[in-house]
Amino acid sequence: MKVKVFSLVMLLMILMSSCSKEDSEDYVAIASAISNSILLDVQDSEGNSLVENEEYVKGITLIQSNGYKYSGRIVDIDGKQFVESAFPLPLKSAMYFTGDGQSGYGEQQLTILIGDSKYELQGVFHFSSDSSDRELYGGSVIRLIEIKSNNPAVSESEEYGSYIKIVITVANI
């Protein structure tokens, strides 16, 4: 009997010690509606798109700040091909909210590997849950509003329909 009670107490202590306030607050920021879709166009130095080459696109890897690797898929929009994917959402601990929590901003990192080249991107997100968002989206919304990079090979982001489009210029292959 003492062994069972001791085992139960030890199990509860282990479970309780594994929970901490810091861990519980460091999760991906979520909202009722999420807008984090990106279009990637990879071009050679002469401005020719390399996305049309499916084998080339298979060599593109996106890496989140936690090390998770993924890829995109080729989509055709208005006769032009892009790599479509999602920019990772920021962690809640990286979000900065107004006093009432109705609005906030956050950032997240994304690394894109193309062959031997590495491109570091920073996504800027806006969170809102004011009354107009509740009417339009049925609740709160988190949107990717900008993608920044210090690498001159990465163009500034621009809106392209419901996407944020970025262009990366690589050396001729």
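Residues numbered from 1 in each chain as written. Predicted model: local features only at pLDDT ≥ 70, side-chain atom pairs only at ≥ 80, totals over all residues. Heavy atoms only, no water.

Structural notes on the nonpolar core
Membership of the largest hydrophobic core comes to 31 residues, with the highest contact counts inside it found for V42, I112 and I114. Elements with a contribution of two residues or more to this core: β2 (37-43), α3 (54-58), β3 (60-64), β8 (103-114), β9 (117-128), β10 (141-148) and β12 (163-169). The biggest single contributor to this core is β9, with 4 residues. The contact partners of I112, leaving out residues within four places of it in the chain, are L40, I60, T61, L62, S117, K118, Y119, L121, I166 and I168. Counting 5 residues, the second largest nonpolar core, distinct from the first, contains L39, V75, I77 and F82. (Core = buried A, V, L, I, M, F, W, Y, C linked by side-chain atoms within 4.5 Å. Buried < 20%, exposed > 50% of the residue type's maximum accessible area, 1.4 Å probe, protein only. Helix = DSSP H or I, 4+ residues; strand = E, 2+ residues; numbered from the N terminus. Contact = heavy atoms within 4.5 Å.)

Some remarks on the environment of G47
Of note, G47 is situated in the loop between β2 and α3. Residues G47 and T169 lie 122 residues apart in sequence; the distance between their C-alpha atoms is 7.7 Å.

A word on the layout of surface pockets
By rolling a water-sized probe across the atoms, one finds the places where empty space is left. The computed volume of the largest pocket comes to approximately 200 Å³. As for the largest pocket, its lining consists of 15 residues, of which S35, R143, L144, E159 and S162 are closest to the centre. Elements that contribute at least two residues to the lining of the largest pocket include exactly β1 (33-35), β10 and β12. Along the lines of polarity and charge, the residues of the lining of the largest pocket split into 8 nonpolar, 5 polar and 2 charged. (1 Å grid on protein atoms, 1.4 Å probe; cavity = no way out; pocket = protein on both sides within 12 Å on 5 of 7 lines; lining within 4 Å. Points joined across faces, edges and corners; volume = space filled by probe spheres on them. Nonpolar A, V, L, I, M, F, W, Y, C, P; charged D, E, K, R; others polar.)

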